[in-house]
Amino acid sequence: MANLWTEPADVALRAGGVRVADLDTSSTPGFTGGKRAGKDLLAERATVLSVLQEKLFAHGRTGGHLNVLLILQGMDTAGKGGIVRHVIGSVDPQGVDHASFGVPTELEKQHDFLWRISKRLPAHGQIGVFDRSQYEDVLVVRVHNLVPQAEWEQRYDQINAFEKELAETGTVIVKVAMFVSLEEQKIRLRERLERPDKYWKFNPADITERAYWPQYQQAYQAVLDRTNTDYAPWYVLPSDHKWYARLAVTELLIGALAGLNLDWPPANFDIAEQLRRLDQS
Ligand code: ADP
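Thresholds, definitions, all that
Residues numbered from 1 in each chain as written. Predicted model: local features only at pLDDT ≥ 70, side-chain atom pairs only at ≥ 80, totals over all residues. Heavy atoms only, no water. Phe/Tyr/Trp six-rings, centres within 6.5 Å; stacked < 30°, edge-to-face > 60°. Helix = DSSP H or I, 4+ residues; strand = E, 2+ residues; numbered from the N terminus. Buried < 20%, exposed > 50% of the residue type's maximum accessible area, 1.4 Å probe, protein only. Lys NZ or Arg CZ within 6 Å of the ring centre and 35° of its normal. Near = heavy atom within 4 Å. Polar contact = N/O pair within 3.5 Å; in protein donor to acceptor, adjacent residues only side chain to side chain. Areas by Shrake-Rupley, 256 points an atom, 1.4 Å probe, with all protein chains shown as cover. Nonpolar A, V, L, I, M, F, W, Y, C, P; charged D, E, K, R; others polar. Expected span 1.5 Å × (residues − 1). Bend = angle between axes of the 7 residues up to and from the residue. Salt bridge = Lys/Arg side-chain N within 4 Å of Asp/Glu carboxyl O. Lys, Arg positive; Asp, Glu negative; His and termini not counted. Contact = heavy atoms within 4.5 Å.

### Examining the packing of aromatic side chains
No. 1: For the structure shown, the criterion picks out seven aromatic pairs.
No. 2: For the pair Tyr-135 and Trp-234, a centre-to-centre distance of 4.8 Å together with 70° between the ring planes defines the contact as edge-to-face. Of this pair, Tyr-135 sits in the loop between β3 (127-131) and α6 (140-143) while Trp-234 sits in strand β5 (residues 234-238), and the two are 99 residues apart along the sequence.
No. 3: Judged by relative accessible area, which is 0%, Tyr-135 ranks as buried.
No. 4: Over the ring of Trp-115 we find Lys-119, and its NZ or CZ is 3.9 Å from the ring centre.
No. 5: The aromatic ring of Phe-113 is capped on one face by Arg-155, whose charged end is 4.6 Å from the ring centroid.

### Points about the site of the ligand
No. 1: In the region of the ligand, the neighbouring residues are Asp-76, Phe-101, Gly-102, Val-103, Pro-104, Arg-116, Arg-132, Glu-136, Asp-137, Val-140, Val-141 and Leu-146.
No. 2: Separating an oxygen atom of the ligand from a side-chain N or O atom of Asp-76 is a distance of 3.4 Å.
No. 3: Considering the ligand on its own, with 570 Å² of exposed area, one finds that the protein chains cover 64% of that surface.
No. 4: In terms of residue class, the shell around the ligand is built from six nonpolar, one polar and five charged.

### Points about helix α7 (residues 149-168)
No. 1: The end-to-end C-alpha separation of α7 is 30 Å, in line with the 28 Å expected for 20 residues at 1.5 Å each.
No. 2: Bending of α7 peaks at approximately 30° at the position of Tyr-156.
No. 3: Those residues of α7 lying buried are Trp-152, Arg-155, Tyr-156, Ile-159, Asn-160, Phe-162, Glu-163 and Leu-166.

### Quick word on the pattern of salt bridges
No. 1: The full count for this structure, using the stated rule, is 17 salt bridges.
No. 2: Close ionic contact of Asp-97 with Arg-120 constitutes a salt bridge, the shortest N to O distance being 3.3 Å. Pair noted here: Asp-97 is in strand β2 (residues 96-100) and Arg-120 is in the loop between α5 (115-118) and β3, with a separation of 23 residues, a long-range link.
No. 3: Looking at Asp-97, the relative accessible area reads 23%, which means it is partly exposed.
No. 4: When its relative accessible area of 33% is taken as the criterion, Arg-120 is described as partly exposed.
No. 5: Measuring nitrogen to oxygen at the nearest pair gives 3.6 Å for the salt bridge that ties Glu-191 to Arg-195.
No. 6: One salt-bridge network, held together by shared partners, links Glu-191, Arg-195, Asp-197 and Lys-198.

### Digging into the side chain of Lys-55
No. 1: Residue placement: Lys-55 occurs in helix α2 (residues 35-61).
No. 2: Asp-263 provides the closest opposite charge to the buried, unpaired Lys-55, separated from it by 4.5 Å.
No. 3: Not counting residues up to four positions away in its chain, the partners in contact with Lys-55 are Leu-262, Asp-263 and Trp-264.

Encoded structure:
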């Protein structure tokens, strides 16, 4: 297939300087094709992703210490679940560790906000996927003043320090902020109210949160301005087009895995000898 990317997804989507309030959520940065071409390409690239993921898994199984952590953030209906199903779903499930973070439990509330996060970090050789993350503690928490400002203000630096250490110990961090427009969110919420197979996804609180859209945009802007680092970069993903969002995250993961330059682990046995034994068995 002709290359429909004018620049790699990790360049087209890198957060530096993006204004959340001005983002065109229906755009497809870096990609010149439409839905059909995007879906075809996704099927093709899923195979590439799958092979790279297996190499990472093999690396972990043979003593390697590297892993990948995909952090997904976005307002309700932004499509985080779709990324998990359609992108992560295309690789071997035994190499994936999925964690979602909702309202903290009583136990979690008795600990530092990073406590529950630390417990769900991926093991060596795994792709960890966070559906929501430590960033909720500077998003919903900031918008609703769930803790005093003096406390959440410190969290940006705490998150940076936490992620720096993770990166230094072998985790490749890919952070994706998914954005849909207020109008697109309305369409998606309406669908949840009109389709019996989607009622289960509906939460009345999602409508309440729509009134805080500008505050959320500000909170996302602060996240992008203050935690977009070389060791844990943010990618800003316009997500009105689900096919584009899925294709782009596939490319980001391919880039992260390819950057590890992993090869298949060499045999730790004498191949000729084992073939001989097999023949004789
Ligand atoms: P989803 O709505 O994504 O399907 P859940 O219903 O399990 O998932 O919970 C998500 C909700 O939990 C969101 O409204 C989110 O803002 C909230 N949440 C996540 N982390 C925190 C946190 N640290 N403090 C308060 N609320 C949080």
